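Topology and contacts: notes
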Amino acid sequence: MNDRYPTGLRALPAGLSLLLAAALSCMAVPASAKPQPPAKNTAKSGAKAPARPAAKAAARPAGKAAVKTGGKSAPSPTRNAAAKAAAGVAAGAVAAGTAAAALGHAPKGEPGLSAAEVTALHQHAEQGEASAQYALGSLYKRGQGVALSAETAAQWYEKSAQQGYAPAQSELGLMYANGRGVARDDAQAVQWYRKAAEQGDAVAQNNLGLMLAEGRGAAKDPAQAVQWFQRSAEQGEAAGQYSLGVMYATGRGVAEDVAQALRWFVAAAGQGHADAQFNAGMLYAEGGVVDRDMAQAAHWLEKAAEQGNAAAQSNLGVLYANGQGVPASDEKAARWLERAAQQGDALAQSNLASLYASGKGVERSPSQAYFWMLLAAGRDSSLTAKRDSMAQPLSAAERARTERQAAAWKAKPAP
């Protein structure tokens, strides 16, 4: 789990959380099912379609380019300045490479600090060096070379933050926002985020914007939130770029501008931000204000799908089924729909059931078709009639066995 953003604030707040409700959901789909983004999606499916339907135009919901605002945020870039500062605090004991580990940004496989380096870092922190206090707090936060302790981490962050060290102020704000190591206090979170943000900390700028957009710890102020997102985005912070894209797409705190939204989604998507990749893909699929480009839609949806984004997996399955932006492939359609279905995406489950019923991309299996439609209908009551129709080919014993399997099934988290 990414720990650089407040719990519940890795995406924009509920008031902004309309998904791309009618983008791919209005396109033609395989085998009498219609995939959409996951449960938050307001568009419903139930129309029957031929085995290989032609593509239909995507529609925009209520005149808005509604966007996905849930899911995980990509990590922000390493604070190079902070890493360099920590590299020198232990009087040579903490080398540049291991400083990144102290800050929690060490690449995979990079060794952490040695016991001697941790001791040296402690000494410099106790002597009042702000960068050492911050680095030590990060070690305790992650349990690197020391016992994991959020409380001790918060104590060291506060010592450093009180000296005006922006990275520590940003981290302390996060601790207060999440109630980790300290009692949750949104007002304190906003206070520390603001101190760091005013010093140019891009992560704090985004997190401050999120608090203001939701009205946590301060009066709700979407316009001011946009200003902080803009400052964060312009520094290359992927989460800030994504947040700014959402505000432009929904017209909150700024005039609606889908082209600007796409610009910032693509910028964040290029840094690996899965939700931005999803939104970029959906806006390209939708077209309208921006040119429709199914190849680009497939490109970004596949990037998001590979990161485990269920909505992207579901819609990518549609593209493969219809040959839109990618060569048609029932096998790949089934593979992506299954991955989304395993995460509990109801419409992916419905589509997958249809593929099992028709034997497209998978071996025909009426029991598997009923199994997935049972799960889909359990999440979306509009699919009840399809569920009942898929039960008809089965014997009473087969239905009972499949229903027991469905009752015991549990969704798998994204990898």
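See the structure shown above.
Small disclaimer: the values here were computed from a predicted structure and weren't measured.

In this section: the overall build of the chain. Along its length, the chain carries 19 helices and zero strands. Per-residue burial over the chain gives 56% buried out of 415 residues. For the chain, the share of sequence-separated contacts (at least 6 apart) that also reach a separation of at least 24 residues comes to 61%. Total accessible area on the chain is roughly 16,100 Å²; 51% of this is exposed by carbon and sulfur atoms.

What follows covers the environment of alanine 132. Turning to its location among the elements, alanine 132 is positioned in helix H4 (residues 130–142). Residue classification places alanine 132 among the buried positions, given a relative accessible area of 0%. Spatially, the C-alpha atoms of alanine 132 and tryptophan 156 are 9.0 Å apart, while their sequence positions differ by 24 residues.

Looking now at helix H5 (residues 150–162). With 13 residues, H5 extends 18 Å between its outermost C-alpha atoms, agreeing within 8% with the 18 Å of an ideal straight helix rising 1.5 Å per residue. Ala150, Thr152, Ala153, Ala154, Trp156, Tyr157, Ser160 and Ala161 are the residues of H5 that are buried. Where H5 is buried, its residues contact helix H3 (115–126), H4, helix H6 (166–178) and helix H7 (186–198). Looking one or two residues past H5, glycine 164 carries a phi angle of roughly 90°, positive in sign.

Here we take up the environment of histidine 122. With respect to the helices, strands and loops of the structure, histidine 122 is situated in helix H3. Considering only alpha carbons, one finds histidine 122 and alanine 135, 13 residues apart in sequence, at a separation of 9.5 Å. Those residues in contact with histidine 122, other than ones at most four positions away along the chain, are Leu136, Tyr140 and Trp156.

In a regular helix each residue adds 1.5 Å, so 13 residues correspond to 18 Å; helix H12 (residues 274–286) covers 18 Å between its end C-alpha atoms and thus fits that length. Burial within H12 is extensive, with 13 of its 13 residues counted as buried. Two residues or fewer past H12, glycine 287 is found with a positive phi of approximately 65°.

Here we come to the packing of helix H9 (residues 222–234) against helix H10 (residues 238–250). The interhelical angle for the contact between H9 and H10, taken along N-to-C directions, is 140°, at an axis separation of 8 Å. It follows that H9 is oblique to H10 by the angle criterion. The handedness of the crossing between H9 and H10 comes out as left-handed. Two secondary-structure elements touch here, H9 through Pro222, Ala225, Val226, Phe229, Gln230, Ser232 and Ala233 and H10 through Gly240, Gln241, Ser243, Leu244, Met247 and Tyr248. The residue makeup of the contact of H9 with H10, split by class, is eight nonpolar, five polar and no charged.

This paragraph deals with the side chain of aspartate 201. Within the secondary structure, aspartate 201 sits in the loop between H7 and helix H8 (202–214). A relative accessible area of 6% means that aspartate 201 is categorised as buried. Here valine 203 takes part through its backbone nitrogen, which lies 3.2 Å from a polar atom of the side chain of aspartate 201.

A few words now on the pattern of salt bridges. Oppositely charged side chains can pair when the atoms bearing their charge come close. What the rule picks out here adds up to four salt bridges. Between arginine 216 and aspartate 186 there is a salt bridge, with its nearest N and O atoms 2.7 Å apart. In this pair, arginine 216 sits in the loop between H8 and H9 while aspartate 186 sits in helix H7, placing the two residues 30 residues apart along the sequence. Aspartate 388 is the partner of arginine 387 in a salt bridge, and the nearest nitrogen-oxygen pair spans 3.0 Å. Since its relative accessible area comes to 25%, arginine 387 is described here as partly exposed. Residue classification places aspartate 388 among the partly exposed positions, given a relative accessible area of 39%. Each of Arg184, Asp186 and Arg216 takes part in salt bridges that share partners, so that together they form one network.

Here we take up the packing of aromatic side chains. Following the criterion strictly, the structure yields five aromatic pairs and no others. Taking 5.6 Å as the distance between ring centres and 55° as the angle between the ring planes, the aromatic pair formed by tyrosine 134 and tyrosine 165 counts as tilted. Of this pair, tyrosine 134 sits in helix H4 while tyrosine 165 sits in the loop between H5 and H6, and the two are 31 residues apart along the sequence. Centroid distance tyrosine 242 to phenylalanine 265: 6.0 Å. Interplanar angle 45°. Geometry classified as tilted.

Scoring rules and cut-offs
Residues numbered from 1 in each chain as written. Predicted model: local features only at pLDDT ≥ 70, side-chain atom pairs only at ≥ 80, totals over all residues. Heavy atoms only, no water. Helix = DSSP H or I, 4+ residues; strand = E, 2+ residues; numbered from the N terminus. Buried < 20%, exposed > 50% of the residue type's maximum accessible area, 1.4 Å probe, protein only. Contact = heavy atoms within 4.5 Å. Areas by Shrake-Rupley, 256 points an atom, 1.4 Å probe, with all protein chains shown as cover. Expected span 1.5 Å × (residues − 1). Axes fitted to C-alpha atoms, helices over the stretch in contact; angles between N-to-C directions. Parallel < 35°, antiparallel > 145°, perpendicular 65-115°, else oblique. Left-handed = near helix turned anticlockwise from the far one by under 90°. Nonpolar A, V, L, I, M, F, W, Y, C, P; charged D, E, K, R; others polar. Polar contact = N/O pair within 3.5 Å; in protein donor to acceptor, adjacent residues only side chain to side chain. Salt bridge = Lys/Arg side-chain N within 4 Å of Asp/Glu carboxyl O. Phe/Tyr/Trp six-rings, centres within 6.5 Å; stacked < 30°, edge-to-face > 60°.

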